[in-house]
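Examination of the molecular architecture
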Amino acid sequence: MRQSAPIFYDKEWQAWMVFRYDDVERVSSEWKTFSSKSPQPLGREDFTQSLPQTDPPKHQSLRTLVQKVFTPHRVEAMESRITELTHELLDQMKQHKQVDLIQAFSSPLPIFVIGEILGVPVDQRSDFKRWSDGVLASDPTAIKNMADYFRQLLKERQSHPGQDLISDLIAAYEEGEKLTGQEVVDFCILLLTAGNETTTNLITNTIWCLHEHPDENQRLRNDLSLLPSAIEEVLRYYSPVTFLNRFTQVETQIGDQTIPTGQLVHPWLASANRDELHFDNASSFIIDREPNKHFAFGNGIHFCLGAPLTRLEAKIGVKALLEEFPNLRVDSKEPLKPLPNIRVHGLESLSV
Ligand code: HEM
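Everything in this summary refers to the structure shown in the same document. Remember, predicted model here, so these are calculated numbers, not experimental data.

Around the ligand sit 28 residues, and of these His59, Arg63, Arg246, His302 and Cys304 come closest. At 2.7 Å from an oxygen atom of the ligand is found a side-chain nitrogen or oxygen belonging to His59. In the environment of the ligand, an oxygen atom lies 2.8 Å from a nitrogen or oxygen atom belonging to the side chain of Arg246. In terms of residue count, helix H10 (residues 181-212) provides more of the shell around the ligand than any other element does, 7 residues in total. Residues that form the shell around the ligand fall into these classes: 18 nonpolar, 8 polar and 2 charged.

Laid out in structure tokens, this is it:
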């Protein structure tokens, strides 16, 4: 498509598809022309317009506030806890000869980590995981339960502040800034929806890529210092988020196409990340690719807020998996089933 139809209108999707790196770069970042704000309501109970669906100045004030509490320091401070949670899960895996890696590891890890960051007590972890799974499946009851739960946690932390992110968000709110109680709840749900499935897919996709590329797998096992760049290559090669939503604010031209005002535009990150004009041997998986300026985390003012956290989780999680299971292999008798939702790239299960 990058060559034959780099920008085209898809009648079925009623959206413009944008495939080339340079065009994706422009559409994802030029917010004055390509807004993130949906002209229609989101249609989800308990959600107001949250961070990714806003434009400046609202976006800037919300982002500045959440960046104050979701800091690199908070993420770094999670390193030892992520390691402990990883080993807890791997110890359970060791009791079985064969497991679904997603159920056993790649799905619970990010949920437990974000639960701890938010201040969910350990004994409520299983309810929290159940609701998170439901929130991802857009189950209205789970969304309501989760929102009620965060409202209750918010109330508790208002009277008894802790060291967690909710307490810090409340403090920011009470300093007279613009984050309302509803926005705190929305932000908590956003962290779940934006961060869990994506991180699950990143960890799963890493094992999937290594399975499909045995030479690169061996090279990585021989030198685990290549892991951070291998994870960047997985983000490029099997991008967990395949495309974004933008809405034209004015009539605009991309390449030889004129796009009217008020149209839905999908910049395809997964396609930009394979653009031959930007990446040598774009369809090859090369664990020490350099340079590797991919768009897996988006681009511009909405660049992923959770990128440092997800990179840390993937690094700790995959390193421990490779070290603890020197003979880890994918059961190739089971056909690999990609997730049905085309917006994300991952697998339904991965038997190892
Ligand atoms: C934004 C991808 C993990 C929180 C984004 C965007 C992308 C993305 C592409 C840009 C959306 C846009 O421009 O419309 C990913 C991928 C992840 C990941 C591939 C994992 C592999 C996480 C995690 C968190 C998180 C772990 C938090 C716990 C966010 C938030 C935004 C965002 C809050 C909105 C930022 C804004 O609008 O200013 N992410 N993400 N993400 N991500 Fe992530």
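There is more to say after this.
Along its 12 residues, helix H2 (residues 58-69) runs 18 Å from first to last C-alpha, staying within 8% of the 16 Å computed at 1.5 Å per residue. Of the positions making up H2, those classed as buried are His59, Leu62, Arg63, Leu65, Val66 and Val69. Buried positions in H2, seen along its axis, are confined to an arc of 165° and lie on one side of it.

Turning our eyes to something else, we now look at the nonpolar core. The biggest cluster of nonpolar side chains holds 82 residues, and the ones touching the most others in it are Met93, Phe105, Leu118, Phe128, Phe150 and Leu165. Looking at which element gives the most residues to this core, the answer is H10, with 14 residues. With residues near it in sequence (within four places) discarded, Met93 still touches Val99, Leu101, Ala104, Phe105, Leu321 and Phe325. By size, the runner-up hydrophobic cluster in this structure holds 16 residues, among which are Tyr21, Leu244, Val265 and Ala282.

Criteria and thresholds
- What you see as residue numbers is a count from 1 along each chain, following the sequence as written.
- Owing to the predicted nature of the model, reporting of local features is limited to residues with pLDDT of at least 70; listing and counting of side-chain atom pairs is limited to 80 or more, with chain, interface and lining totals taken over all residues.
- The basis for every side-chain value is the complete set of non-hydrogen atoms in the structure, without hydrogens or water.
- Here a residue is near a molecule or strand as soon as one of its heavy atoms is found within 4 Å of it.
- Pairing of N or O atoms within 3.5 Å defines a polar contact, subject to two protein rules: one partner must be a possible hydrogen donor and the other a possible acceptor, and residues neighboring in sequence count only if both atoms are side-chain atoms.
- Put simply, DSSP marks the helices as runs of H or I at least four residues long and the strands as runs of E at least two long, and each gets a number from the N terminus on.
- Three residue categories are used. Nonpolar comprises Ala, Val, Leu, Ile, Met, Phe, Trp, Tyr, Cys and Pro, charged comprises Asp, Glu, Lys and Arg, and polar comprises the others, including Gly.
- The span you would expect from a helix comes to 1.5 Å times its residue count less one.
- Using a 1.4 Å probe on the protein chains alone, a residue whose accessible area is under 20% of its type maximum counts as buried, one over 50% counts as exposed, and one in between counts as partly exposed.
- Our arc is simply the arc of the directions from the helix axis toward the C-beta atoms.
- In these notes, a set of buried Ala, Val, Leu, Ile, Met, Phe, Trp, Tyr and Cys residues joined through side-chain atoms within 4.5 Å is what counts as a nonpolar core.
- Only heavy atoms matter for contacts: two residues are in contact if any of them lie within 4.5 Å across the pair.

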